[in-house]
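What the coordinates show
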Amino acid sequence: MNILAVESSCDETAVAIVRDGREVLTDCIASQVELHRIYGGVVPEIASRKHIEAIYGLAEQALEKTGLTRQDIDAVAVTYAPGLIGAVLVGVNFAKAAALALDKPLIPVHHIRGHIAANYIAYPELKPPFLCLVVSGGHTMIVDVRDYTKMEILGTSLDDAAGECFDKVARVLGMPYPGGAALDKAAQTGDDTKYSLPRSKPGANPYDMSFSGLKTAALNLIHHAQQVGEELDIPSLCASFSAAVSDTLVPRVVQAIKQTGRDKIAIAGGVAANSRIRKDLLEAVQKLDVQVYLPPLSLCGDNAAMIGAQGYYEYQAGNIADMHLNAYATKSVLGEALAESLQEIK
Ligand code: KG4
Ligand code: ZN
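Just so we're clear, the structure is a prediction, and the values are computed from it rather than from any experiment.

A separate point is the overall build of the protein chain. Helix and strand counts for the protein chain come out as 12 helices and 10 strands. Relative to its length of 346 residues, the protein chain is compact, with a C-alpha radius of gyration of 20 Å against a globular reference of 20 Å. Based on the C-alpha atoms only, the size of the protein chain along its principal axes is roughly 65 × 45 × 35 Å. For the protein chain, the residues scored as buried account for 54% of the 346 residues in total.

Right under this line is the structure:
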């Protein structure tokens, strides 16, 4: 089954063609990062306009690159939530038009489920159940992936997402947007014990997390140094900050593995590219009898291949929309939320 997949939830316009959920025939991406960089973050209105300009050409490019014709496409999958609403709408409307014109099923895909599914592309042998640490610009959670379309959230950040904090701290340090990767690079030569930063334990659920205190502490430290004219050791600050984020995530993942007895742990989302988190996770689970799945960096960030991968399993589960499909800025990753969205259509 060839799925034409569309992703436009933030600042990457992407169209992919994925066969049977696992084989990526092509993944065409038009990144807007350079454009938003001058503003220090994504400007939603500009993002929507650029998606409109890029999306049709990318779909044409995807067909051209694979040598497939429109008749070879069996279904159209699209990120319908969550994301910048204007941006998501562009993808949803394009996908609706494509599905209507091709007379093929339209499959709504939750962006975070897509990130998790990036692991199916990287690891053809991976099948649920498994645990997944989701760390992106907007989400941080530990998910129990019980089946391809059935998941439970064990814990989540109660405030900021990890990626948001990486970006904010990087911005204040003068690094270009999105700062996560630059901060990670700077951290390589730093001493992670030089600056003391908090690791918070919010609420009663041991899997819940909080990053806003860490973000504020790091920003205060930087601003204070600037005010008193103290020179900061930037690599060490980046290393200390990365360690604090990793220390918030990794022990919770270990606890979740022990408590659930799951023998597979995957990682997903843009922040899954972070070298410190990847290293710490590998080390922490070494003594446990678990298989670790770390997708390549190219599959961590936003792309449409992951939407095509998850789209295949949503289709198999009967999650198909019609021309009334809406876009949503926020929506839970859980199955009930998708069922609700499909119910709204009816
Ligand atoms: O998943 P993603 O591409 O978009 C969302 O769905 O949000 O994640 C983007 C986030 C940004 O915050 C970016 O700075 C962060 O992923 N990121 C990183 C690294 N590479 C990307 N954060 C830390 N270390 C990295 N190496
Ligand atoms: Zn994403």
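A side chain of one charge can pair with a side chain of the opposite charge when the charged atoms of the two come close. All chains considered together, the criterion is met by 16 salt bridges. The partner of Asp160 in a salt bridge is Lys215, and the shortest N-O contact between them spans 2.8 Å. Taken together, the positions of Asp160 in the loop between strand S8 (150-156) and helix H5 (162-172) and Lys215 in helix H7 (residues 212-228) put the pair 55 residues apart, joining distant regions of the chain. Judged by its relative accessible area of 12%, Asp160 falls in the buried class.

Inspection of the entire model under this criterion finds zero disulfides. Of the cysteine sulfurs around Cys28, a residue in no disulfide, the closest is that of Cys10, at 19 Å. Left without a disulfide partner, Cys132 is nearest to the cysteine sulfur of Cys300, which lies 10 Å away.

Within the structure, ligand 1 sits among 19 residues, and His115, Gly137, Asp167, Asp184 and Gly270 are positioned closest to it. In this structure, an oxygen atom belonging to ligand 1 sits 2.8 Å away from a main-chain N or O atom of Gly137. Coverage of ligand 1 by the protein amounts to 85% of the 560 Å² it exposes when considered alone. Mapped onto the shell around ligand 1, the elements with two or more residues apiece are helix H4 (111-122), H5 and helix H6 (180-187). Considering only residue class, the shell around ligand 1 consists of five nonpolar, 11 polar and three charged.

Turning next to the sheet that holds strand S6 (residues 130-135). In spatial order, the strands read S8-S7-S6-S9-S10; together these five strands make up an open sheet with mixed pairing. This sheet does not close on itself; its edge strands, each paired only once, are S8 and strand S10 (291-293). Direction aside, neighbouring strands of the sheet carry axes that sit 20° apart on average. As defined by bridge partners, S6 adjoins strand S7 (residues 140-147) across six bridges and the pair is classed as antiparallel. Residue pairing in the sheet places Val135 in a bridge with Thr140 of S7. In the packing of helix H8 (residues 234-260) onto the sheet, the strands contacted are S6, S7, S8 and strand S9 (264-268), and the crossing angle to S6 comes to about 160°.

As a further point, take the sheet that holds strand S5 (residues 106-110). The strand order across the open sheet formed by five strands is S3-S2-S1-S4-S5, and the pairing between neighbours is mixed. A single partner strand is all that each edge strand has here, and the edge strands are strand S3 (23-31) and S5. This sheet shows a mean twist of 20° between the axes of neighbouring strands, independent of strand direction. Where strand S1 (residues 2-7) lies against strand S4 (residues 75-81), four bridges are found, and the strand directions are parallel. Bridge pairing in S4 links Val6 to Val78. Packed onto the sheet, helix H2 (residues 44-66) meets S1, strand S2 (12-19) and S3 and runs at close to 25° relative to S2.

Most peptide bonds adopt trans geometry, and most residues besides glycine take a negative phi value. Backbone torsion omega between Ala81 and Pro82 reads -15°, so that peptide bond is classified as cis. Relative to the assigned elements, Pro82 resides in the loop between S4 and helix H3 (85-102). Although it is not a glycine, Asp20 adopts a positive phi angle of roughly 50°. Within the element layout of this structure, Asp20 appears in the loop between S2 and S3.

Attention shifts here to the coordination of the zinc ion (ligand 2). Of the protein atoms, only His111 (NE2), His115 (NE2) and Asp302 (OD) coordinate the zinc ion (ligand 2), at distances of 2.0 to 2.1 Å. Counting gaps between the donor residues of the zinc ion (ligand 2) yields the pattern H-x3-H-x186-D. Taken together, the positions of His111 and His115, both in helix H4 and four residues apart, correspond to about one turn of that helix. His111 sits in the buried class, given a relative accessible area of 7%. His115 gets classed as buried once you look at its relative accessible area, which sits at 1%.

The contact between H2 and H3 brings their axes to 9 Å, and the two run at 25°. Taken together, H2 and H3 sit at an angle that is classed as roughly parallel. Between H2 and H3 lies a crossing whose hand is right-handed. From H2, Ser48, His51, Ile52, Ile55, Tyr56 and Ala59 reach across to H3, where they touch Gly86, Ala87, Val90, Gly91 and Phe94. Among the residues forming the contact of H2 with H3, the class breakdown is seven nonpolar, four polar and no charged.

Attention now moves to the packing of H7 against H8. Running from N to C, H7 and H8 point in directions that differ by 170°, and their axes come no closer than 11 Å. With respect to their mutual orientation, H7 and H8 come out roughly antiparallel. Two secondary-structure elements touch here, H7 through Leu214, Ala218, Leu221 and Ile222 and H8 through Leu237, Phe241, Ala244 and Val245. Of the residues contributing to the contact of H7 with H8, the split by class is eight nonpolar, no polar and no charged.

The rules behind these values
Residues numbered from 1 in each chain as written. Chains lettered and ligands numbered in written order. Predicted model: local features only at pLDDT ≥ 70, side-chain atom pairs only at ≥ 80, totals over all residues. Heavy atoms only, no water. Helix = DSSP H or I, 4+ residues; strand = E, 2+ residues; numbered from the N terminus. Rg over C-alpha atoms; globule rule 2.2 N^0.38 Å. Buried < 20%, exposed > 50% of the residue type's maximum accessible area, 1.4 Å probe, protein only. Salt bridge = Lys/Arg side-chain N within 4 Å of Asp/Glu carboxyl O. Disulfide = S-S within 2.5 Å. Near = heavy atom within 4 Å. Polar contact = N/O pair within 3.5 Å; in protein donor to acceptor, adjacent residues only side chain to side chain. Areas by Shrake-Rupley, 256 points an atom, 1.4 Å probe, with all protein chains shown as cover. Nonpolar A, V, L, I, M, F, W, Y, C, P; charged D, E, K, R; others polar. Pairing = 2+ DSSP bridges. Axes fitted to C-alpha atoms, helices over the stretch in contact; angles between N-to-C directions. Contact = heavy atoms within 4.5 Å. Donors = N, O, S within 2.8 Å, 3.2 Å for Na, K, Ca; no water. Parallel < 35°, antiparallel > 145°, perpendicular 65-115°, else oblique. Left-handed = near helix turned anticlockwise from the far one by under 90°.

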